[in-house]
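Residue-level listing of the chains:
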Amino acid sequence: MQSRIRNEQLKEKIMNPMEACKLIKDGMVIGTSGFTPSGYPKVVPLALADRVKSSKEKMKLTLYSGASLGPEVDGAWAEAGIIAKRLPYQTNKQLRNDINCGKVEYLDMHLSHTSQYLNYGILPRVDIAIVEAIAITEEGNIIPTSAVGNSPSFIKNASKIIVEISSKQPVELEGMSDIYMLENPPMRTHIPIKNPGDRIGTPFIVCDKEKIAAVVFSDLEDHVRDLAPISDVDRAISKNIINFLEKEVALKRLTKNLLPLQSGVGNVANAVLSGLCDSSFENLVCYTEVIQDAMLELMQCGKIKKASACSISPSPRGLKLFRDNIDFFKDKIVLRPLEISNSPEMARKLGVIAMNTAIEVDIYGNVNSTHIMGSKIMNGIGGSGDFARNAYITIFSTSSIAKCGKISSIVPMVSHVDHTEHDTMIIVTEQGVADLRGLSPKEKAKLIIENCVHPDFKEQMRDYFKRACEVCHRCHTPHILNEALSWHARFLETGTMKK
Ligand code: COA
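Residues numbered from 1 in each chain as written. Predicted model: local features only at pLDDT ≥ 70, side-chain atom pairs only at ≥ 80, totals over all residues. Heavy atoms only, no water.

## Comments concerning the overall build of the protein chain
Piece 1. Helix and strand content of the protein chain: 19 helices and 25 strands.
Piece 2. Taking 23 Å as the expected radius of gyration for a compact globule of 499 residues, we find that the protein chain reaches 23 Å, a close match to that expectation.
Piece 3. Overall, the C-alpha framework of the protein chain stretches about 75 × 50 × 45 Å when taken along its three principal axes.
Piece 4. When the 499 residues of the protein chain are sorted by exposure, 59% land in the buried category.
Piece 5. Nonlocal contacts in the protein chain, meaning residues at least 24 apart in sequence, comprise 74% of its contacts between residues at least 6 apart.
Piece 6. About 19600 Å² of surface is accessible on the protein chain, with carbon and sulfur atoms providing 53% of the total.
Piece 7. The protein chain carries 60 positive and 58 negative side-chain charges, and their two centres are separated by 3 Å. (Helix = DSSP H or I, 4+ residues; strand = E, 2+ residues; numbered from the N terminus. Rg over C-alpha atoms; globule rule 2.2 N^0.38 Å. Buried < 20%, exposed > 50% of the residue type's maximum accessible area, 1.4 Å probe, protein only. Contact = heavy atoms within 4.5 Å. Areas by Shrake-Rupley, 256 points an atom, 1.4 Å probe, with all protein chains shown as cover. Lys, Arg positive; Asp, Glu negative; His and termini not counted. Charge placed at Lys NZ, Arg CZ, Asp CG, Glu CD.)

## Section: the pattern of salt bridges
Should their charged atoms come close, side chains of opposite charge can pair.
Piece 1. For the structure on display, the rule yields 27 salt bridges.
Piece 2. Among the salt bridges present, the one from lysine 58 reaches aspartate 26, with a minimum N-O distance of 3.1 Å. Taken together, the residues span a long stretch of sequence, with lysine 58 in the loop between α3 (43-55) and β2 (61-64) and aspartate 26 in the loop between α2 (17-20) and β1 (29-32) at a distance of 32 residues.
Piece 3. For lysine 58, a relative accessible area of 63% gives the class exposed.
Piece 4. A relative accessible area of 35% means that aspartate 26 is categorised as partly exposed.
Piece 5. Close ionic contact of lysine 498 with aspartate 456 constitutes a salt bridge, the shortest N to O distance being 3.8 Å. Here the residue lysine 498 occupies a position in the segment after α19 (486-494), and aspartate 456 occupies one in helix α17 (residues 455-471), the gap between them amounting to 42 residues.
Piece 6. Classification of aspartate 456 as partly exposed rests on a relative accessible area of 45%.
Piece 7. Salt bridges here are not isolated pairs; linked through shared partners, they connect Glu248, Arg253, Asp435 and Arg437. (Salt bridge = Lys/Arg side-chain N within 4 Å of Asp/Glu carboxyl O.)

## Quick notes on the environment of serine 343
Piece 1. With respect to the helices and strands, the residue serine 343 is situated in the loop between α13 (338-341) and α14 (344-350).
Piece 2. Relative accessible area serves as the criterion here: at 5%, serine 343 is assigned to the buried category.
Piece 3. Expressed as a C-alpha distance, the spacing of serine 343 and methionine 18, which sit 325 residues apart in the sequence, is 38 Å.
Piece 4. Excluding residues that lie within four positions of it along the chain, serine 343 makes contacts with Ile191 and Leu338.

## Here's the deal with helix α5 (residues 93-100)
Piece 1. Residues of α5 that are buried include every one of Leu95, Arg96, Asp98 and Ile99, and no others. Each buried residue of α5 lies within a common arc of 160° when the element is viewed along its axis, so the set occupies one face.
Piece 2. For α5, the secondary structure elements touched by its buried residues are α4 (71-79), β3 (83-87), β4 (105-106) and β19 (376-377).
Piece 3. At the N-terminal end of α5, a side-chain oxygen is found 3.1 Å from the backbone nitrogen of glutamine 94, two or three residues along, and the residue is asparagine 92. (Arc of directions from axis to C-beta. Polar contact = N/O pair within 3.5 Å; in protein donor to acceptor, adjacent residues only side chain to side chain.)

## A word on the site of the ligand
Piece 1. In the vicinity of the ligand there are 23 residues, among which Gln262, Ile359, Asn379, Gly380 and Lys403 approach most closely.
Piece 2. Between lysine 403 and the ligand, the recorded distance is 2.9 Å, taken from a side-chain N or O atom to an oxygen atom.
Piece 3. Notes on the ligand: free accessible area 970 Å², of which the protein chains cover 78%.
Piece 4. Elements with a contribution of two residues or more to the shell around the ligand: α9 (267-274) and β15 (353-357). (Near = heavy atom within 4 Å.)

## A short note on the state of the cysteines
Piece 1. Using the criterion set out here, one finds one disulfide in the structure.
Piece 2. Note that cysteine 472 is cross-linked by a disulfide to cysteine 475, the S-S spacing being 1.9 Å. Given an S-S torsion of about -85°, the disulfide between cysteine 472 and cysteine 475 has left-handed geometry.
Piece 3. Here cysteine 207 stays unpaired: no disulfide links it, and the sulfur of cysteine 310, its closest cysteine neighbor, is 19 Å away.
Piece 4. On the basis of relative accessibility, which here comes to 6%, the residue cysteine 207 falls in the buried class.
Piece 5. Lacking any disulfide linkage, cysteine 452 is separated from the closest cysteine sulfur, that of cysteine 469, by 18 Å. (Disulfide = S-S within 2.5 Å.)

Written out as structure tokens, the structure reads:
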């Protein structure tokens, strides 16, 4: 492990996690590596949580990351009551509960904005960056592990840096990252990527070695999570998306190679992608945020040639596939900083096909990806907005019903808006597809109701829309305001949206 620290001077900074976490003081801002349960620091956060739990000392921190983190940070720190404020994304159950009961302040933001907010001083500076690494180079530069996320910005902005050298992450990951940093406007120039596989930067994160205050060794593995088995509903959604794309090819608006694919997170997103294995598309490329199992499988079966992302975040099964075939995947995957993987410039320039998941969609095409019943955060907007606003085709999919049919995922008016009707183009449920491009609000509503609403809610929705049009027949976007959110209110009062 010592040989992974290629700078002799930095070997003097080796310490155990308990000593390293003494650098962290109450009130500090901590920025960590990691993006989803991938590439995040583990032993130092765990040591701090243990210390605070046993000492009962006051410790309230602001925690920045690329996206969600594994349980060794978000879970352990929430349990120890350490997190005062969190951004830009989370998925941990305990942390989510703490946010939803007001114990933790949460800033749910477009992931591509974090670096820019930091670089302009809109967000407070990072006091300590804790970064998981494969190795430190002779010059003191840091070689990231399975996620790049916001590490380059945190390392640049931090006063001090703690490096966790991981013995569990394979050394072969060295060379997969491509670090390219953006200047602030007006000095910012275009990103010179023409194809998703292009490399434009360095395989390490440039770091001022004087800022490295501690180096610790970690033998903890990324705490990757299982994906739910693919359901019939997921399969039907996937089939509907593939049929839609096939029609676009038939209409000569796309070729058989499609355009670079972006795929969101979660079970539905993974299922949608895995359906491509049996499709007629070939030589596909991805310009996305996270590489989940299905993308690895599509590479293995030769459908996907190259993928650009900022993190590899598979299930335990996908991780095994990746590790067993790392030489195969190595030249097919490029890991980039978040502000490059999620750059609006790139999504627009490459003409990405963005496929993300909604919690609910309304009859006019507005999408809620983040809040249950308008008030309780689920995860966050993540990168969905970065891609959805700028893609060539923006697809949102959802099962037409949730909670065993008590909830219709298509509602008269969404209870929270993440993606507006101006950005969403294609809405897909297991019932069918609504292509909203070129349609007025009333045309959109008719199509969504007829093609996407579950049969159990269709009459109720037709009735709402008909009455809204009668009450407001000359309106551009007809609504009955005191009824538009009554479906949610009814669910909260009676346990079902059904009348
Ligand atoms: N009303 C209430 N609850 C709903 C719902 C609705 N209309 N639709 C889904 N849910 C609940 C499900 O019941 C489930 O609850 P549970 O955890 O208690 O079982 C939960 O939401 C997740 O739903 P699921 O169907 O399993 O979806 P998923 O795992 O595919 O996740 C999102 C869906 C929207 C939560 C997830 O994709 C997400 O966080 N997206 C935002 C970030 C994003 O898109 N990032 C990608 C950018 S690259």
